[in-house]
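# Coordinate analysis (summary)
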Amino acid sequence: ALQRRIAHYHLTMNPAHTRRKGSTLIEILIYSLLLALFISAAFIFLGGVLSSSNTATERNEVVAGKEFIERKFAWVFGRSGGILSPALGYPAPSLWVSGDDANVYPASFTVSGEELYLSMRDTGGEGLLGEKFPLTNDRVKVIGFTAARFPSSQSAGFLRVNVTLQSAIYPTIVATSTRFYSIR
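Residues numbered from 1 in each chain as written. Predicted model: local features only at pLDDT ≥ 70, side-chain atom pairs only at ≥ 80, totals over all residues. Heavy atoms only, no water.

## Comments concerning the confidence of the model for the protein
Looking at the protein, the pLDDT average stands at 82 and 82% of residues meet or exceed 70. Within the protein, strand S6 (residues 140-150) carries the highest mean pLDDT (92), whereas helix H1 (residues 2-13) carries the lowest (60). (pLDDT = per-residue confidence, 0-100. Helix = DSSP H or I, 4+ residues; strand = E, 2+ residues; numbered from the N terminus.)

Right under this line is the structure:
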């Protein structure tokens, strides 16, 4: 019986043979720390992906706005009969275009606040322009617009139109368009 007690004592009191149930506080803290590191790294990565996506969306918005404005300039100048303003050699923050189509001309491109507008046709023969159509939206603002006429020996001259657009959300996203048009 004594040998049995000694054998039982060796089995129960020897740390190699004892079974513990659960985890120690140190193990739980280490696992928690590793889990927190993993979750924070995932959030940082996901935040970078979303930020990159938002920046790309805003860049596309600004470029699309620039291309839309360029198409409107090409449409108005493609059918125009001449430039009413700016005067030759003087850059101006607005542009007035004449033409033969009474439904379109005179047409003007003007900046009001941070938006570029296209106004068309004479309403009622009083020399007033009709409704203003915005060429920009609330996500894109105009931070620069100039039109300048220059003389040319081969034609009535040419017109340089410079438009600078900026994202309303990310001010570092900027697109500039400089176009030259031959004046008849």
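## Topic: unusual backbone geometry
In this chain, serine 85 is followed by proline 86 through a cis amide linkage whose omega measures 20°. Here proline 86 is to be found in the loop between strand S1 (82-85) and strand S2 (94-98).

## Concerning the pairing of strand S8 (residues 174-183)
Two strands pair when backbone bridges link them, and strand S7 (residues 157-167) and S8 are joined in this way by 10 bridges, in the antiparallel orientation. Paired with arginine 160 across the bridge in S8 is phenylalanine 180. Taking the residues that link successive antiparallel strands as the turn, the S7-S8 hairpin has six residues. (Pairing = 2+ DSSP bridges.)

## Considerations on the nonpolar core
In terms of nonpolar packing, the biggest core is built from 28 residues, with Phe73, Phe77, Leu95, Phe109, Phe145, Leu159 and Val161 touching the most fellow members. Top element by residues in this core is helix H2 (residues 25-78). It accounts for five residues. Residues in contact with phenylalanine 109, not counting those within four places in the same chain, are Lys72, Phe73, Val76, Ser94, Leu95, Leu116, Tyr117, Leu118, Leu135 and Phe145. (Core = buried A, V, L, I, M, F, W, Y, C linked by side-chain atoms within 4.5 Å. Buried < 20%, exposed > 50% of the residue type's maximum accessible area, 1.4 Å probe, protein only. Contact = heavy atoms within 4.5 Å.)

## Quick notes on the sheet that holds strand S4 (residues 115-120)
Across the sheet, which stays open at both edges, the five strands sit in the order S1-S2-S3-S4-S5 with antiparallel pairing between neighbours. Every interior strand has two partners, whereas the edge strands, S1 and strand S5 (132-134), have only one. Averaged over neighbouring strand pairs, the angle between their axes works out to 30° when direction is ignored. Both strand S3 (residues 107-112) and S4 contribute to a ladder of six bridges, which runs antiparallel. Across the sheet, residue alanine 107 finds its bridge partner in S4, namely methionine 120. (Axes fitted to C-alpha atoms, helices over the stretch in contact; angles between N-to-C directions.)

## Re the side chain of glutamine 166
By secondary structure assignment, the location of glutamine 166 is in strand S7. A polar contact is formed between the side chain of glutamine 166 and the backbone oxygen of proline 171, at a distance of 2.8 Å. Apart from residues no more than four positions distant in its own chain, glutamine 166 is found in contact with Val62, Arg139, Val140, Lys141, Ile143, Pro171, Ile173 and Val174. (Polar contact = N/O pair within 3.5 Å; in protein donor to acceptor, adjacent residues only side chain to side chain.)

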